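An overview of the molecular structure
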Amino acid sequence: MAGETLLELKNLKTQFFTDDGVVRAVDGVSFEMKRGETLCVVGESGCGKSVTARSILQIVDYPGRVVEGQILFHRQRQEEGKSEVNEIIDLAALDPRSRAIRDVRGKDISMIFQEPMTSLSPIHTIGDQIIEAIRLHLPVSKEEAEARAVELLRRVGIPRPGDRLNAYTFQLSGGMRQRAMIAMSLSCNPSLLIADEPTTALDVTTQAQILDLMRELKDEFGMSIMLITHDLGVVAEMADDVVVMYLGTVAEKGDVDSIFHDPKHPYTQALLRSIPKLGLRAQGIRLDSIRGMVPDPYNRPGGCPYHTRCDDFMPGLCDKITPPPIEMGEERLVRCLLYGDQKAMADQTQQTVKVR
Ligand SMILES: Nc1ncnc2c1ncn2[C@@H]1O[C@H](COP(=O)(O)OP(=O)(O)OP(=O)(O)O)[C@@H](O)[C@H]1O
Ligand SMILES: [Mg+2]
């Protein structure tokens with residue numbers, strides 16, 4: 001049912017153990033997703049959006065792994081001869097090679113990427129790949145799977161879907177490939193679709209068409225979408241809720257209207273100021289880009305990770321204390337020392353948060 005909890009990330013930490021040191025790519029991320037909602041995860045390059053998504057499916061690249069936290073997935077399963085069963089699985093606790101996580105991948109949760117060629121094979125036809133994805137998880141005959149594949153291709157707007165079953169990916173345009181990948185990701189009716197920058201590589205018109213398509217399919221298939229993007233225009237158009245990430249942490253989260261109209265975190269405010277405004281460039285007015293660089297992932301600043309670039313930096317506080325999550329109304333959260341009682345927070349957090 002829409003509005004029920006679908007996924008809960010609790011203090012998720014994913015790290016890469018490289019020869020040069022440990023990269024804390026995801027460093028204590030917590031957020032929740034509801035059934036039927038679109039959640040956008042936004043932030044600059046390297047802030048941990050993709051690693052968060054890959055952690056959910058346990059497909060983090062070597063030498064990375066989930067080291068702490070929980071990923072609670074609320075699964076609804078139809079057991080043979082019984083009514084629907086609700087179960088909660090901690091995906092973080094599953095072995096990346098286990099049967100249990102393979103059951104979830106592609107069936108309950110599927111993922112699409114910026115570059116379709118990373119998940120579509122160049123040596124098999126589109127049809128064979130979709131049919132295989134269907135038969136991997138659903139007990140249907142080859143003919144039934146083929147009929148479903150044609151229907152899915154038709155549904156995602158691929159012309160002459162019957163003929164296209166025999167096409168190879170290189171025979172399709174970028175937009176058509178992305179549609180084929182969406183068709184494949186929907187093959188088992190997932191309850192969650194994770195889309196990692198699905199339209200970044202496409203031209204503006206095709207991008208708008210693909211976003212429209214995802215919105216339609218979300219309602220039709222009754223699924224939730226986690227949409228990863230660095231494009232705030234896409235967020236404004238698609239999101240119900242927004243998670244703003246910075247350096248592996250959640251800086252702020254809330255519903256899309258609050259984030260756009262009343263951003264609390266100085267980082268969110270800076271991100272919003274950096275959106276190109278129509279006509280400004282034509283008038284020769286420069287964009288307000290965010291000051292400074294994202295810090296080196298091997299050498300993270302202590303205290304608030306954003307303090308090195310923040311216009312509201314408070315010496316002695318922001319560089320010492322890691323801001324705790326502060327609730328700002330219903331389902332609204334910000335991690336910034338500007339909010340709440342700073343003195344009390346300093347006293348309080350020193351017991352629980354390490355002051356570096
Ligand atoms: N295989 C890897 N080995 C070492 N570090 C990695 C690896 N993959 C990702 N990282 C590091 O993890 C951090 C988060 O990366 P991630 O790919 O999640 O960023 P992102 O927010 O998706 O950025 P982008 O917008 O560029 O896609 C970065 O510091 C990155 O360098
Ligand atoms: Mg990424």
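A short tour of the structure in this document, coming up. Bear in mind the structure is a predicted one, so any value in this text is a computation, not a measurement. (Residues numbered from 1 in each chain as written. Chains lettered and ligands numbered in written order. Predicted model: local features only at pLDDT ≥ 70, side-chain atom pairs only at ≥ 80, totals over all residues. Heavy atoms only, no water.)

1. Here's the deal with the sheet that holds strand 6 (residues 109–112)
Ordered by their spatial adjacency, eight strands build an open sheet running 6-7-8-3-9-10-12-11, and the pairing between neighbours is mixed. One side of each edge strand has no neighbouring strand; the edge strands of this open sheet are strand 6 and strand 11 (326–327). Pairing geometry for strand 3 (residues 38–42) and strand 8 (residues 224–229), over five bridges, is parallel. Counterpart to V42 in the pairing with strand 8 is T229. (Pairing = 2+ DSSP bridges. Helix = DSSP H or I, 4+ residues; strand = E, 2+ residues; numbered from the N terminus.)

2. Concerning the environment of L247
Tracing the backbone through its elements, the reader meets L247 in the loop between strand 9 (241–246) and strand 10 (249–255). On the basis of relative accessibility, which here comes to 5%, the residue L247 falls in the buried class. Here the alpha-carbon distance between L247 and A100, two residues 147 residues apart in the chain, equals 31 Å. Among all residues touching L247, those that are not within four sequence positions of it are C47, V294, P295, R300, P301 and P305. (Buried < 20%, exposed > 50% of the residue type's maximum accessible area, 1.4 Å probe, protein only. Contact = heavy atoms within 4.5 Å.)

3. Some details on the site of ligand 1
Close to ligand 1 lie 16 residues, the nearest being S45, G46, K49, S50 and V51. The contact in question runs from an oxygen atom of ligand 1 to an N or O atom on the backbone of C47, over 3.2 Å. Within the side chain of K49, an N or O atom sits 2.8 Å from an oxygen atom of ligand 1. Protein contacts shield 69% of the accessible area of ligand 1, which totals 640 Å² for the unbound molecule. With three residues, the single largest contributor to the shell around ligand 1 is helix 1 (residues 49–56). (Near = heavy atom within 4 Å. Polar contact = N/O pair within 3.5 Å; in protein donor to acceptor, adjacent residues only side chain to side chain. Areas by Shrake-Rupley, 256 points an atom, 1.4 Å probe, with all protein chains shown as cover.)

4. Considerations on the pairing of strand 3
With respect to burial, strand 3 is a largely interior element, five of its five residues being buried. Both faces of strand 3 are covered, namely the face carrying T38, C40 and V42 and the face carrying L39 and V41. As judged from the four bridges shared by strand 3 and strand 9, these two strands associate in the parallel manner. Bridging from a neighbouring strand, V42 pairs with V244 of strand 9.

5. Structural notes on the sheet that holds strand 4 (residues 64–78)
Strand order in the open sheet formed by four strands is 2-1-4-5, with antiparallel pairing between adjacent strands. The two strands at the open ends of the sheet, each matched to only one other strand, are strand 2 (21–34) and strand 5 (84–90). Across the sheet, the mean angle from the axis of one strand to that of its neighbour is 10°, orientation sign disregarded. For strand 1 (residues 5–18) and strand 2, the ladder comprises ten bridges, and the chain directions are antiparallel. (Axes fitted to C-alpha atoms, helices over the stretch in contact; angles between N-to-C directions.)

6. Things to note about unusual backbone geometry
Negative phi values dominate among residues other than glycine, just as trans dominates among peptide bonds. P63 follows Y62 through a cis peptide bond whose omega is 5°. If you trace the backbone, P63 turns up in the loop between helix 1 and strand 4. Of note in the backbone geometry, Q58 takes a positive phi value of approximately 60° without being a glycine. Its location among the elements puts Q58 in the loop between helix 1 and strand 4. Residue class for Q58 comes out buried when judged on its relative accessible area of 10%.

7. Digging into helix 1
Here helix 1 lies mainly inside the structure; six of its eight residues are buried. Taken residue by residue, helix 1 has K49, V51, T52, A53, S55 and I56 as its buried positions. In the stretch just after helix 1, Q58 is the one whose phi turns positive, near 60°.

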